[in-house]
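Letter by letter, the chains look like this.
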Amino acid sequence: MFKKVELVSKTLQTNCLIQESLNEIPLVGRSNVGKSTFLNKILKRKIARVSKTPGRTRSIDFYLIDEKFYIVDLPGFGYAKVGWDLKEKWQKVMANYFKRKSITHVIHLIDSSIPVQKIDLEVSQWISNLGLIEILLFTKTDKVKKTKLKHQLKLLSEKFTIPVEFEKIEFSKNYSENQIFALQEKFYSVLGFE
Ligand SMILES: Nc1nc2c(ncn2[C@@H]2O[C@H](COP(=O)(O)OP(=O)(O)O)[C@@H](O)[C@H]2O)c(=O)[nH]1
Ligand SMILES: [Mg+2]
């Protein structure tokens, strides 16, 4: 489905972002939620570094998909050790980034294998205050027993005030080609492409 993927811009300075043009769909998540793993799978190449040390990726990376839209990898939050928790730098940088008119939806990655995290609820509220549509993407679903997964995702979803009509997306690093293909299609449909 994604035919052409290019990393077109990588920057830490929000005043150096590429011009607003095509739609862009940002990915946010706590450090270690599995964001790089997800990106590598959905982009089908090892573009994003899967890091053993949380909180390392701090740039804003624009991936141009089929010359139609961008998937934007944002710095992880919630890793206070490197001064990159929610209140400090993350919010400052993000407040600037999220002013962009080319953003309507935000994909918020949530670790399905652990209980809901306060910081995730704060980010969710923050996204909602900006008037953006939040889509929850549950990662690491392979770590939860199959018989428990549905219940666990329901429990987590209930903590977030996302309108029921919005799909919650599931993901595991063990997903097959076909499952990845379906996820790519979802990106297209979320942004209103065929
Ligand atoms: N079991 C399992 N582990 C995962 C999954 N996704 C990521 N991980 C592990 O979680 C850790 C953090 O992953 P990473 O992609 O670097 O997270 P990031 O900090 O959000 O970019 C790594 O050790 C990954 O191997 C998944 O779907 N299933
Ligand atoms: Mg990462």
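Below, the structure is looked at part by part. (Residues numbered from 1 in each chain as written. Chains lettered and ligands numbered in written order. Predicted model: local features only at pLDDT ≥ 70, side-chain atom pairs only at ≥ 80, totals over all residues.)

On to the sheet that holds strand E6 (residues 133-139), then. As summarised here, the arrangement of the 7 strands in space is E1-E3-E4-E2-E5-E6-E7, forming an open sheet in which the pairing is mixed. At either end of the open sheet lies a strand with only one pairing partner, and these are strand E1 (5-11) and strand E7 (169-170). In this structure, strand E2 (residues 24-29) lies alongside strand E5 (residues 105-111), joined through 3 bridges in parallel fashion. Looking at E5, one finds that Leu 27 is bridged to Ile 107. This element, helix H3 (residues 118-129), spans E2, E5 and E6 of the sheet and lies at about 170° to E5. (Pairing = 2+ DSSP bridges. Helix = DSSP H or I, 4+ residues; strand = E, 2+ residues; numbered from the N terminus. Contact = placed C-beta atoms within 7 Å. Axes fitted to C-alpha atoms, helices over the stretch in contact; angles between N-to-C directions.)

Moving on, we get to the pairing of strand E3 (residues 60-65). Pairing between E1 and E3: 6 bridges, direction antiparallel. Bridge pairing in E3 places Glu 6 opposite Leu 64. Bridging between E3 and strand E4 (residues 69-73) involves 5 bridges; their strand directions are antiparallel. Paired with Leu 64 across the strands is Tyr 70, a residue of E4. What sits between the antiparallel neighbours E3 and E4 is a turn of 3 residues, in which Asp 66 has the positive phi angle 50°.

Time to look at the site of ligand 1. The immediate surroundings of ligand 1 are formed by 18 residues, with Gly 34, Lys 35, Ser 36, Thr 37 and Lys 173 found nearest. Take the shell around ligand 1: its biggest share by element is 3 residues, from helix H1 (residues 35-42). Residue composition of the shell around ligand 1, by class: 3 nonpolar, 10 polar and 5 charged. (Near = placed C-beta within 6 Å. Nonpolar A, V, L, I, M, F, W, Y, C, P; charged D, E, K, R; others polar.)

Turning next to the environment of Arg 49. Along the polypeptide, Arg 49 turns up in the loop between H1 and E3. Residue Arg 49 is classed as exposed on the basis of its 11 C-beta neighbours within 10 Å. For Arg 49 and Ser 189, which are 140 residues apart along the polypeptide, the C-alpha to C-alpha distance reads 27 Å. (Buried ≥ 20, exposed ≤ 12 C-beta atoms within 10 Å, placed from the backbone.)

Along the chain, Asp 61 turns up in strand E3. Expressed as a C-alpha distance, the spacing of Asp 61 and Pro 75, which sit 14 residues apart in the sequence, is 9.0 Å. Look past the residues within four positions of Asp 61 in its chain and what remains in contact with it is Leu 7, Lys 10, Val 72 and Asp 73.

Turning next to the nonpolar core. Of all hydrophobic cores here, the largest spans 35 residues; its most connected members are Leu 27, Ile 71, Val 72, Ile 107, Leu 109, Ile 110 and Leu 137. Secondary-structure elements contributing two or more residues to this core are E2, H1, E3, E4, helix H2 (86-97), E5, H3 and E6. (Core = buried A, V, L, I, M, F, W, Y, C linked by C-beta atoms within 7 Å.)

Structural remark: α-helix, 3.6 residues per turn; residues separated by three or four positions point the same way. If you check H3, its first and last C-alpha atoms are 17 Å apart, about what 12 residues at 1.5 Å a residue would give, namely 16 Å. Residues of H3 that are buried: Asp 120, Val 123, Ser 124, Trp 126 and Ile 127. All buried residues of H3 fall inside an arc of 160° around its axis, so they share one side. Exposed residues pointing more than 90 degrees away from the buried face of H3 are listed as Lys 118 and Asn 129. (Expected span 1.5 Å × (residues − 1). Arc of directions from axis to C-beta.)

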